[in-house]
Amino acid sequence: MTDVSTTDAALDQPQQPALDDATSDPTPAGVDDPGPAGSDDTAPAGRGGRDSLTVTDNRTGQTYELEITDGTIRAADLKQISAEGLGLATYDPGFVNTASCRSAVTYIDGDAGILEYRGYPIEQLAEHSTFLEVAYLLLNGELPTEAELEEWVHQITIHTFLHENVKQLMQGYRYDAHPMGMLMSSVSALSTFYPDAVKIADVDNRQLQITRLIAKMPTLGAFAFRHAQGKPYVYPDNRLSYVENFLAMLFKMSEPTYSADPRLVKALDILLILHADHEQNCSTNAVRSVGSSQVDPYSAVAAGIGALYGPLHGGANEAVLKMLRRIGSVDQIPAFIEGVKAGKEKLMGFGHRVYKNFDPRATIIKKACDDVFEVTGVNPLLEIAQELERIALEDEYFVKRKLYPNVDFYSGLIYEALQFPPEMFTVLFAIGRTPGWLAQWAELVQDKEQKIARPKQIYTGHRSRDFVPMSDR
Ligand code: ACO
């Protein structure tokens, strides 16, 4: 086990131990046990009695038999299929039909609208669990016992503080810096505060960094939020729960203790649960891809935050709000839809790479919307969103392409009702996704089959040209 106090004393001010590590007894939560991966021997044999694919290369007339395992063939097996010395490869921009890993964390059946974390349906987790319990589940593969949960929550709670230099780093940003940019760079900066994080093969060390990052994400997000408002940063109050503490760091002013409406706390907790993991999405793939170089987890997660920032991924809910505001009123919707169909723009918050029926998270969020609006009053953009959804779901363009509302279509409305500006929406997504990124990262680190991510390319440029002197160009 890593000595926690030693680890954090190695910061740039060695005499001052970091504030967050008030204990030297972090209980590892056993990330080493990701549970069973896909199994070879349960796959039924095909009609021909063999789990294999026979391929004939019409260029050479030669036939090859490729093994099928878990519904996949090994791309490397195609290398043997060659003509003129060049082995066959697959071309798959955006990985639309390529498995990059075996994972036991999250299961999705996009056609049936099923999402399960470690086998537990998202609907049951949203109803009965809490975000930190779900984080434990994702990381450890099993729901915690009462004692395990208590210890896990305790460990998270005592790691919420940031080193003062991180605060100073954040204060250095321009007044209008986007909070996602601040979050991404401050998470990456944490790798310099915890240099021991490079010891990724050490299970205790991994667990310590995982705990730290999940604990510190709300503090970083809240500091980024306060920065944009020119308000003093609010330090964590470790008497509060994870979500209450986050809300306090965001919104507390001069009152001695900030208290949030429990219905809003619950709604935000549910939103974090819904975002906690989503198997090999763009940002998780970024975490795995960068993590495959065996860099520390802060750097890998910073890459994931960068991927999430984009409007086609986590930035979509910010884009949805801007779109709804631009549409302005229900009578403008038909003209807007015509523009989408003409390819002028996308209907943000619609469509998903995996869900082609409905996004189960969107269904839960719609219900959470009602609970939040009961406290805050109805967001006037809700009417436009509902009408937009109704029209789009009946329109042949969207029906034919199986485009349905995704998690981001309604989440922005809730976030706005909770008084978050649109720039903060993706930060909330990132806080929720952190346990998933880290569970996937821990799985990657322990997966003996994994290699450094290094796709092939189809080269389309010039070859072997002689350098042209400047005077001849
Ligand atoms: N509005 C209008 N048309 C769309 C939309 C949309 N939101 N999404 C897809 N289409 C169309 C495409 O133009 C394409 O049409 P075509 O066949 O005539 O060319 C067809 O539907 C298929 O779309 P692809 O882009 O091939 O689907 P892909 O799986 O690559 O993309 C994505 C999925 C990126 C989510 C896409 O649907 C999109 O851009 N949606 C809007 C952004 C969004 O809401 N992102 C959030 C995703 S959820 C998340 O990250 C948490």
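Structure: see above.
Conventions adopted
- Residues numbered from 1 in each chain as written.
- Predicted model: local features only at pLDDT ≥ 70, side-chain atom pairs only at ≥ 80, totals over all residues.
- Heavy atoms only, no water.
- Patch = residues over 30% accessible without salt bridge, like charges linked within 9 Å, V, L, I, M, F, W, Y side chains within 5 Å.
- Areas by Shrake-Rupley, 256 points an atom, 1.4 Å probe, with all protein chains shown as cover.
- Salt bridge = Lys/Arg side-chain N within 4 Å of Asp/Glu carboxyl O.
- Lys, Arg positive; Asp, Glu negative; His and termini not counted.
- Charge placed at Lys NZ, Arg CZ, Asp CG, Glu CD.
- Helix = DSSP H or I, 4+ residues; strand = E, 2+ residues; numbered from the N terminus.
- Buried < 20%, exposed > 50% of the residue type's maximum accessible area, 1.4 Å probe, protein only.
- Pairing = 2+ DSSP bridges.
- Contact = heavy atoms within 4.5 Å.
- Core = buried A, V, L, I, M, F, W, Y, C linked by side-chain atoms within 4.5 Å.
- Near = heavy atom within 4 Å.
- Polar contact = N/O pair within 3.5 Å; in protein donor to acceptor, adjacent residues only side chain to side chain.
- Nonpolar A, V, L, I, M, F, W, Y, C, P; charged D, E, K, R; others polar.
- Phe/Tyr/Trp six-rings, centres within 6.5 Å; stacked < 30°, edge-to-face > 60°.
- Lys NZ or Arg CZ within 6 Å of the ring centre and 35° of its normal.
- Expected span 1.5 Å × (residues − 1).
- Bend = angle between axes of the 7 residues up to and from the residue.

**Re a positive patch on the surface**
A surface patch of positive charge is lined by Lys 79, Lys 451, Arg 454 and Lys 456. Relative to the helices and strands, Lys 79 is located in the loop between strand E2 (62-67) and strand E3 (82-83). Judged by its relative accessible area of 57%, Lys 79 is exposed.

**Here's the deal with the sheet that holds strand E5 (residues 106-109)**
Taken in spatial order, the three strands of this open sheet run E5-E6-E7, and their pairing is antiparallel. Two strands bound the open sheet, and with one partner strand each, they are E5 and strand E7 (120-121). Sheet topology places E5 next to strand E6 (residues 114-117); four bridges connect them, and they run antiparallel. What sits directly across from Thr 106, in E6, is Tyr 117.

**A word on the side chain of Thr 434**
Take Thr 434: it is sitting in helix H18 (residues 425-446). On the accessibility criterion, Thr 434 (0% relative accessible area) is buried. When near neighbours in sequence (up to four residues on either side) are disregarded, Thr 434 contacts Leu 213, Ile 214 and Met 217.

**Brief notes about the nonpolar core**
In terms of nonpolar packing, the biggest core is built from 122 residues, with Tyr 117, Leu 247, Met 323, Leu 347, Leu 388 and Phe 420 touching the most fellow members. Counting residues per element, this core draws most heavily on H18, which supplies 12 residues. In this structure Phe 420 touches Phe 246, Leu 247, Leu 250, Phe 251, Leu 268, Tyr 415, Phe 425 and Leu 428, once residues within four positions along its chain are discounted.

**A word on helix H3 (residues 131-140)**
Where burial is concerned, most of H3 is hidden: 10 out of the 10 residues are buried. For H3, the set of buried residues is Phe 131, Leu 132, Glu 133, Val 134, Ala 135, Tyr 136, Leu 137, Leu 138, Leu 139 and Asn 140. Positive backbone phi, approximately 90 degrees, marks Gly 141, located one or two places after H3.

**Side note on the site of the ligand**
The environment of the ligand is made up of 20 residues, and the closest members are Lys 346, Leu 347, Gly 349, Phe 350 and Arg 353. Within the contact set of the ligand, a nitrogen atom lies 2.9 Å away from a backbone nitrogen or oxygen of Phe 350. Here an oxygen atom of the ligand sits 2.9 Å away from a polar atom, N or O, in the side chain of Asn 406. Out of a free accessible area of 920 Å², the ligand has 71% covered by protein chains. Considered class by class, the residues forming the shell around the ligand number 10 nonpolar, five polar and five charged.

**Considering the environment of Ala 453**
Note on placement: Ala 453 falls in the segment after H18. Residue class for Ala 453 comes out partly exposed when judged on its relative accessible area of 39%. Taking C-alpha positions, Ala 453 is 8.2 Å from Arg 288, a pair spaced 165 residues apart along the chain. Those residues within four positions of Ala 453 in sequence are excluded, and the remaining contacts are Ser 289 and Ser 292.

**Here we look at the packing of aromatic side chains**
In the structure shown here, the tally under the stated rule is 16 aromatic pairs. Taken together, the ring pairs connect Phe 225, Phe 246, Phe 251, Tyr 415, Phe 420 and Phe 425 into an aromatic cluster. Between Arg 401 and the ring centre of Tyr 397, over which it is positioned, the NZ or CZ distance is 3.8 Å.

**Quick word on the pattern of salt bridges**
By the definition in use, this model includes 22 salt bridges. Across the pair Glu 164 and Lys 167 runs a salt bridge whose closest N-O atoms are separated by 3.3 Å. One end of the pair is Glu 164 and the other is Lys 167, both in helix H5 (residues 164-171) and three residues apart, which spans about a single turn. Accessibility expressed as a relative area gives 15% for Lys 167, which makes it buried. Arg 288 is the salt-bridge partner of Glu 443, the closest N and O atoms lying 2.6 Å from each other. Linking Glu 443 in helix H18 with Arg 288 in helix H10 (residues 282-291), this pair joins segments that are 155 residues apart in sequence.

**Section: the pairing of strand E1 (residues 52-57)**
Here E1 pairs with E2 via six bridges, running antiparallel. Across the sheet, the residue bridging to Thr 54 is Glu 65, located in E2. In this structure, the hairpin formed by E1 and E2 is closed by a connection of four residues, where Gly 61 is found at a positive phi of approximately 80 degrees.

**With respect to the environment of Asp 77**
With respect to the element layout, Asp 77 can be found in the loop between E2 and E3. Sequence-wise, Asp 77 and Gly 87 are 10 residues apart; in three dimensions their C-alpha atoms are separated by 9.5 Å. Here Asp 77 is in contact with Leu 66 and Glu 67, once residues within four sequence places are set aside.

**Thoughts on helix H7 (residues 203-229)**
At 3.6 residues per turn, the α-helix brings residues three or four places apart onto the same side. With 27 residues, H7 ought to run about 39 Å at 1.5 Å a step, and its terminal C-alpha atoms sit 40 Å apart, in line with that. A bend of about 35 degrees at Lys 216 is the largest found in H7, and the proline Pro 218 appears one to four places after it. Here H7 lies mainly inside the structure; 24 of its 27 residues are buried. Following H7 by one or two positions, Gly 230 has its phi on the positive side, about 70 degrees.

**A few points about the environment of Tyr 355**
Examined against the element boundaries, Tyr 355 turns out to sit in the loop between helix H13 (333-341) and helix H14 (360-376). Classification of Tyr 355 by relative accessible area gives buried; the value is 3%. Apart from the residues within four sequence positions on either side, Tyr 355 is in contact with Ile 108, Gly 110, Gly 113, Ile 114, Leu 115, His 278, Pro 360, Arg 361 and Lys 402. Within the structure, Tyr 355 has its side chain in polar contact with the side chain of His 278 (distance 2.7 Å).

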